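Listed here are the chains, written in short residue letters.
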Amino acid sequence: MINEKNTDEQIIKQVIQGNVESFKIIVKRYQNKVFSIGMRFFNNTEDAEDFAQDIFIKIYENLKSYRGRAPFRFWLTKIAYNYGINKKKSSRTEPAIDFDQNPGSDQTPDRQHERGEIHQSLMSSINRLPEKYRICLDFYFFLNLTYNQINDITGIPVNTIKSNVLRAKNIIRDELKGTIAEDYHEL
Amino acid sequence: MNCKKNMEKFLNYDKEFAIPWTIRLHMFFCPQCRDEINSILYEITSLQETSAYEMDVDLSDSIMQKVYKSNVNYEHTMSNLKWLCSGSLILSSIVLISFSDSFIYLKKHFGGHLEIPISIVLSLIFCGYLVLFIGSHLEGLKENVDYYLKKINLF
C-alpha cells in the first residue's frame, strides 16, 4: 500500500504498475520546488504555475523512461531545467532580464515574513547572484543535489558551483553564530 | 587540526560523500565546533523540506485532472523476464515429461499411446501462453511488424 512515507522511486514504480493516484503524492512533494524553478526562469507567478503544470504532465507521460539509476529528484530537475531553457529560448517576445529585479516580488510581504530568518538571508544572498547561478544554489539547498549532479544539469563548472555554495554556507553560519553564542553564554 | 581549518574543510566538502573522519574526530573533542557543525547541518537539512518560493494555490488537483485525461495509460504488466521464465518452464516441461517417473508409471498402465493426449494438452497450454503473450504485447508487436514491413518495402 502506497503512503506518503514511501520513497519517490517506490511511488513511481506503483504509478507505472497502474496506481495512477499515487502520482498525486509526487506532485504534492515537488510542486513548490518545480514552481521555484519556474520562478527563476520566468520571474512571475502565473508563468511559473503554468510551467509547473507542464512539467508534471511531461514527467507523468515519460515515467517509463526513468531507469532508476539516479534519484528521481535529479531526473525531475533535469527535465524541468531543460524544458525551462527551451521555453525561454523559444519565447521571442520576452522582455530583457533585469538582474536588479527581485524574483518573487509579487509575493506578499507577510508570506515572505513567515519563512525563517536564515531562509530570508539565504534567499537575499541567492537573489544577488547572476541569474544562472541562482538556480544552482536552489538545486543544492532545496533539491539536495550534489555538485556533480548540478554540473550535469546546468553545465556550470563544479568549482563555480562550489564557490557560490560556500558563500551561501558562510551566510548560514553567520546567521547561526549569534544563536550558538547565546547558548554558550547561558551555560 | 584547529577549529578554523576544520570549519573551512567542513564548509567545502560535498554532500555526495560522508563527512571526512578528520572533521568527525575534531567534533568529538571540540564541543563548540560540534554544536556549530550540527546546527549548520540541521539548517541545511531543513532547507531541503522547503523551497525558494511557495505557491499560494495547490495545483495537485488540476494536475491530476490533466493526468487522468492524458493519452498515456499505465497498466499492471508482467515483466519480460517473467514471460521468458514461464515460457521456458512450459517448453522444458514438454521436453522433460517423458523422462519423469510418473509418466513412465502411467505409460506402463495405459500403454504407449499416452504420449499423444499429453502432448495435445501441453501444446494447448503452450498455445494459451502464446495467446496471452501476444494479447498483452499487441501494440509493441504491431509497431515492430510495421517497422520490418517498411524495411522490406524499401528493398
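Look up: the structure comes first, before these words.
Description of the structure in this document. (Residues numbered from 1 in each chain as written. Chains lettered and ligands numbered in written order. Predicted model: local features only at pLDDT ≥ 70, side-chain atom pairs only at ≥ 80, totals over all residues. Heavy atoms only, no water.)

This brings us to the overall build of chain B. Each helix and strand in chain B was counted, giving eight helices and zero strands. Along chain B, helices (α) and strands (β) appear in the sequence α-α-α-α-α-α-α-α when read from the amino end. Scaling as 2.2 N^0.38, a compact globule of 155 residues should have a C-alpha radius of gyration of about 15 Å, whereas chain B reaches 33 Å, well beyond that. Over its C-alpha atoms, taken along the principal directions, chain B stretches across nearly 90 × 45 × 40 Å. Counting every position in chain B, which comprises 155 residues, the buried fraction comes to 25%. A sequence separation of at least 24 residues applies to 51% of the contacts in chain B between residues at least 6 apart. Carbon and sulfur atoms make up 64% of the accessible area of chain B, which totals about 11400 Å². Counting 14 positive and 17 negative side-chain charges, chain B places the averaged centre of each group 9 Å from the other. (Helix = DSSP H or I, 4+ residues; strand = E, 2+ residues; numbered from the N terminus. Rg over C-alpha atoms; globule rule 2.2 N^0.38 Å. Buried < 20%, exposed > 50% of the residue type's maximum accessible area, 1.4 Å probe, protein only. Contact = heavy atoms within 4.5 Å. Areas by Shrake-Rupley, 256 points an atom, 1.4 Å probe, with all protein chains shown as cover. Lys, Arg positive; Asp, Glu negative; His and termini not counted. Charge placed at Lys NZ, Arg CZ, Asp CG, Glu CD.)

Turning to the packing of helix α4 (residues 72-90) of chain A against helix α8 (residues 147-154) of chain A, a few remarks are in order. Axis angle and axis distance: for two packed helices, these are the angle between their axes and the distance between the axes, and together they describe the pair. Residues and elements named next belong to chain A. For the pair α4 and α8, interaxial distance at closest approach is 9 Å and the crossing angle is 30°. With respect to each other, α4 and α8 are oriented roughly parallel. Crossing hand, α4 versus α8: right-handed. Residues Phe74, Thr77, Lys78, Tyr81 and Asn82 of α4 touch α8, and the partners they reach there are Gln149, Asp152, Ile153 and Thr154. Class assignment for the residues of the contact of α4 with α8 results in three nonpolar, four polar and two charged. (Axes fitted to C-alpha atoms, helices over the stretch in contact; angles between N-to-C directions. Parallel < 35°, antiparallel > 145°, perpendicular 65-115°, else oblique. Left-handed = near helix turned anticlockwise from the far one by under 90°. Nonpolar A, V, L, I, M, F, W, Y, C, P; charged D, E, K, R; others polar.)

This structure, assessed with the given rule, holds zero disulfides over all chains. Of all cysteine sulfurs in the structure, the one in cysteine 33 of chain B sits closest to cysteine 3 of chain B, which takes part in no disulfide; the separation is 3.5 Å. (Disulfide = S-S within 2.5 Å.)

Under the counting rule described, the total for this entry stands at seven salt bridges over all chains. Linking aspartate 8 of chain A and arginine 29 of chain A is a salt bridge whose minimum nitrogen-to-oxygen distance equals 2.5 Å. Pair noted here: aspartate 8 of chain A is in helix α1 (residues 8-16) and arginine 29 of chain A is in helix α2 (residues 23-42), with a separation of 21 residues, a long-range link. Given the relative accessible area of 9%, aspartate 8 of chain A is considered buried. Notably, a salt bridge pairs arginine 173 of chain A with glutamate 36 of chain B, separated by 2.7 Å at the nearest N-O pair. Of this pair, arginine 173 of chain A sits in helix α9 (residues 158-186) while glutamate 36 of chain B sits in helix α3 (residues 31-47), on two different chains. Assigned by exposure class, arginine 173 of chain A and glutamate 36 of chain B land together as buried. (Salt bridge = Lys/Arg side-chain N within 4 Å of Asp/Glu carboxyl O.)

Attention now moves to the packing of helix α6 (residues 117-127) of chain A against helix α7 (residues 131-141) of chain A. Residue and element names in this part refer to chain A. The N-to-C vectors of α6 and α7 enclose an angle of 150°; their axes lie 9 Å apart at closest approach. Along its contact with α6, which presents Leu122, Ile126 and Asn127, the element α7 presents Arg134, Leu137, Asp138 and Phe141. For the contact of α6 with α7, the class distribution of residues is four nonpolar, one polar and two charged.

To continue, consider the interface of chain A and chain B. Taken together, the contacts link 56 residues of chain A with 43 residues of chain B. Of the roughly 4700 Å² buried between chain A and chain B on both sides combined, carbon and sulfur atoms contribute 59%. Our count for the contact surface shared by chain A and chain B stands at three salt bridges. In this assembly, chain A and chain B are joined by 20 residue pairs in polar contact (both at pLDDT 80 or more). At the level of secondary structure, the elements contributing two or more residues to the side of chain A that touches chain B comprise α1, α2, α3 (45-61), α6, α7, α8 and α9 of chain A. With 11 residues, the top contributor of residues to the side of chain A that touches chain B is α2 of chain A. Split into classes, the residues belonging to the side of chain A that touches chain B amount to 26 nonpolar, 15 polar and 15 charged. (Buried area = accessible area lost by both parts, 1.4 Å probe. Polar contact = N/O pair within 3.5 Å; in protein donor to acceptor, adjacent residues only side chain to side chain.)

Let's shift gears to a nonpolar patch on the surface. There is a patch of nonpolar side chains on the surface, built from Leu91, Ile94, Val95, Leu96 and Phe99 of chain B and spanning about 500 Å² of accessible area. By secondary structure assignment, the location of isoleucine 94 of chain B is in helix α5 (residues 80-96). (Patch = residues over 30% accessible without salt bridge, like charges linked within 9 Å, V, L, I, M, F, W, Y side chains within 5 Å.)

Here we come to the packing of aromatic side chains. Residues and elements named next belong to chain B. One pass over the structure, following the stated rule, counts 20 aromatic pairs over all chains. On the basis of an interplanar angle of 20° and a centroid distance of 5.8 Å, the ring pair of phenylalanine 126 and tyrosine 129 is categorised as stacked. Of the two residues, phenylalanine 126 and tyrosine 129 both sit in helix α7 (residues 115-136), three residues apart, roughly one turn of that helix. Tyrosine 129 gets classed as buried once you look at its relative accessible area, which sits at 14%. (Phe/Tyr/Trp six-rings, centres within 6.5 Å; stacked < 30°, edge-to-face > 60°.)

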